[in-house]
Amino acid sequence: MMASDSGSNMDREMILADFQACTGIDNIAEAITLLELNNWDLVAAINGVIPQENGILQSNYTSEGSQTSPFGPHGQAPASAEAAAVASATTGAGAAPAPAAPASSSSSSSSSSISSSSAAAAFCPSRHIVERQPRMLHFRVDYRQRSVEVVLEDSSAVGEIKQILETELQVPMAKMQLKGWKSGDVSDSTVLRSLHLPKNNSLYVLTPDITPSASTSQNSTHESLNQNFLLVISHREAQRDYSLNFPASKTIQEVKRNISDLTNIPVRHQQWDGWPASASDDSMTLAASGISYPCHHLSVCRRSSPAPPSEQADEVPGPSPATHPCTDIHMVSDSEGDDFEDAPEFGVDESEIFGMGSSGCRKSPMMPDNSENEGDALLHFTAEFSTRYGDCHPVFFIGSLEAASQEAFYGKARDRKLLAIYLHHDESVLSNVFCSQMMCAESIVSYLSQNFITWAWDVTKEATKARLLTMCTRHFGSVVAQTIRTYKTDQFPLLLIVMGKRTSNEVLHVIQGNTTVDELMMRLMGAMEIFTAQQQEDIKDEDEREAREMVKREQDEAYRLSLEADRKKREAQEREEAEQVRLQQILKEQEEEREAIRLSLEQTLPPEPIEESGEPVSKLRIRTPSGEFLERRFLGSCKLQVLFDFVASKGYPSDEFKVLTTFPRRNITQMDPGSTLLEAKLFPQETLFLEARE
């Protein structure tokens, strides 16, 4: 009987291995649950996980003890009730979720190719995939102190994620803002496939309209872990009080390590008063420790002798790393507070290890003392900030405060942003908490990068603080500088939200260091709402001004073109008039010249002879082109030139007119001007006519 049970167990182990290889389900408890629901029928269980429309594994394989499964006969699997699986895990809860039903499996129900397992081939000799499986996307959604895992097909819409979150978080979809998309904000109808997302994604939920619950009676574990506790811790030796905010999911051990960072008292040397009797285990969360909500008072001092080894083992689970003798202080730390705790047992005091006396490990300043250039100081600040708190932090503007203001306020209205001025103070107990938990939170970093110009300054030293006050007085007025002076060291760090206006710059908010991520995000979003309203007015005014300027430019251009056309027209008219004057002058000169020639010729003509002179006289009658007749008597011995001069003296020069006889037609002007009238046979009388030369 025992041999039979052993063989059966071996078969089930093989079936389990093949099932996990075919489906990609790594959760053994979930895989066993699915196999038991199908009486350990491998093919039926696989078909139950892989929906029918996405490809059915077909085989002739049957198990010995197989009966009718809840999913129906082999090879027939009902369509899955949902294509996505959701598993919510509250931070710090420490409890694993129970296995889900096959129709809505847990977040590990992403499928891989069935052909990836050679072992499964022995059970599925004739299987084939009818159609390719859909791509599954994994989302880790953070909301306050909770995390929800969501798995959906890439064919799903963004609204389906919100529907699942509404069920898990009990937050209405209408009040939910899903942030963290690489492409910016998306609508609920957007299909995930169109966003080209990787397999694993991180998102976060904002609920500006829902304030965190402050009720003292919390029955649900999830609700209690959403609380924040204010611990007022008195350091008796230094006679100093620390007011620190911790989420309820933090453990007592983490609180002690954070106090170790502040007081330089290692956890093993700490002696506490004020913890309730129920807080017996340092791994217990603050929510379960029984401390008073929302505020609890504690006191701490250094033990007179080290704690016994057994207490060390309880306080510090696992080995304590001692990698560097000097580490930056973070308010949320897993092991830094325990560095070199064992050194006193070997006869070496901590002050000797650090080489710095009782002051412990000193940090390098955020800004150098002798930096005259603000850009160099900001480069050093950014490098030191990254060294202390990691590379996930806001992008600090490198340059002067004036340059940051110009970048934020004085561009086009659509390109303007808010100016966030971060003022750091190393001597404030809140600085490390604010930097590590607020300024380095991904949601805050993303929101500041998209909507703000972030400028930073260190006011730890009086010289740098005085320099900052001078800059603030110059750019924002004395009121802002005086406001900064009124804040005490323990109220730092400060985050000033400044908005540029037409006439002056206005400080919208001064956010102190004792805040939470949600409160900080709400303040930033509130400032953005004010800024957006002002920006819309500025954009409208700018558009109207540009439209007016455009109309004015068009009118000026039309006027310029009109003036240019008038000028050209006037110049053309002036040229035409000048040309007419010139031509008239030429004609006048030519006329005067002709008149002078005519008069000179008229004066040189010989006197007209009388008929009874006794010499042969030729009487000539000349018809002009106008029809008039010129008559004159010439001596027969006169030359033809005298005839030509007479005609020219009457206004008909020989170079323009020809002298012709009527019959027979002869051109007298072609004859020798030295010939006489008798020789030209123009005696005793002759009728001639004038004809213009061509």
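Below is a summary of the structure that appears in this document. Residue indices follow the written sequence of each chain, beginning from 1 at its first position. Residues qualify for local features only when their pLDDT is at least 70, as the model is predicted, and side-chain atom pairs are given and counted only at 80 or more; totals for whole chains, interfaces and linings, by contrast, use all residues. Processing note: side-chain calculations cover all non-hydrogen atoms of the structure and skip hydrogens and water entirely.

**A few points about the overall build of the protein**
Now for step 1: Starting at the N terminus, helices and strands are each numbered in turn, a helix being any DSSP run of H or I of at least four residues and a strand any DSSP run of E of at least two. The helix and strand tally for the protein stands at 17 helices and 17 strands.
Now for step 2: The classification of residues rests on relative accessible area computed with a 1.4 Å probe and restricted to protein chains. Under 20% of the type maximum is buried, over 50% is exposed, and intermediate values are partly exposed. Out of the 694 residues in the protein, the part that is buried amounts to 43%.
Now for step 3: By the convention used here, residues are in contact when the closest approach between their heavy atoms is within 4.5 Å. Here the contacts in the protein between residues at least 6 apart in sequence split such that 66% fall between residues at least 24 apart.
Now for step 4: Computed by Shrake-Rupley with a 1.4 Å probe, the accessible areas treat only the displayed protein chains as cover when residues are assessed. Put simply, the protein shows about 36,900 Å² of open surface, and 50% of that area lies on carbon and sulfur atoms.

**With respect to the sheet that holds strand β14 (residues 617–623)**
Now for step 1: A pair of strands is labelled paired if DSSP reports no fewer than 2 bridges between them. Read from one edge of the open sheet, 4 strands run β15-β14-β17-β16, paired in mixed fashion. Two strands in the sheet have a free side with no partner beyond their single neighbour: β15 (629–635) and β16 (657–661). Across this sheet, the average inter-strand angle for adjacent strands is 30°, counted without regard to direction.
Now for step 2: Running at roughly 150° to β15, helix α17 (residues 640–649) makes contact with β14, β15, β16 and β17 (685–692) of the sheet. Orientation is described by axes fitted as lines to C-alpha atoms, over the contacting stretch for helices, and by angles from 0 to 180 degrees between their N-to-C directions.

**Some points on the pattern of salt bridges**
Now for step 1: Any carboxyl oxygen of Asp or Glu within 4 Å of a side-chain nitrogen of Lys or Arg constitutes a salt bridge here. With the rule as written, the count across this model stands at 26 salt bridges.
Now for step 2: R388 is the partner of E384 in a salt bridge, and the nearest nitrogen-oxygen pair spans 3.1 Å. Highlighted residues: E384 and R388, both in helix α10 (residues 374–389), separated by 4 residues, approximately one helical turn. Each member of the pair, E384 together with R388, is buried.
Now for step 3: The closest approach of N and O atoms between K552 and D556, which form a salt bridge, is 3.2 Å. Of this pair, K552 and D556 both sit in helix α16 (residues 517–604), 4 residues apart, which is roughly one turn of that helix.

**Considering the environment of L244**
Now for step 1: Looking at the secondary structure, you find L244 in strand β7 (residues 240–247).
Now for step 2: For the pair L244 and N258, spaced 14 residues apart in the sequence, the C-alpha separation amounts to 9.9 Å.

**Topic: the environment of K256**
Now for step 1: You can see K256 is positioned in helix α6 (residues 252–263).
Now for step 2: Note: C-alpha distance between K256 and V267 (11 residues apart in sequence) is 6.1 Å.

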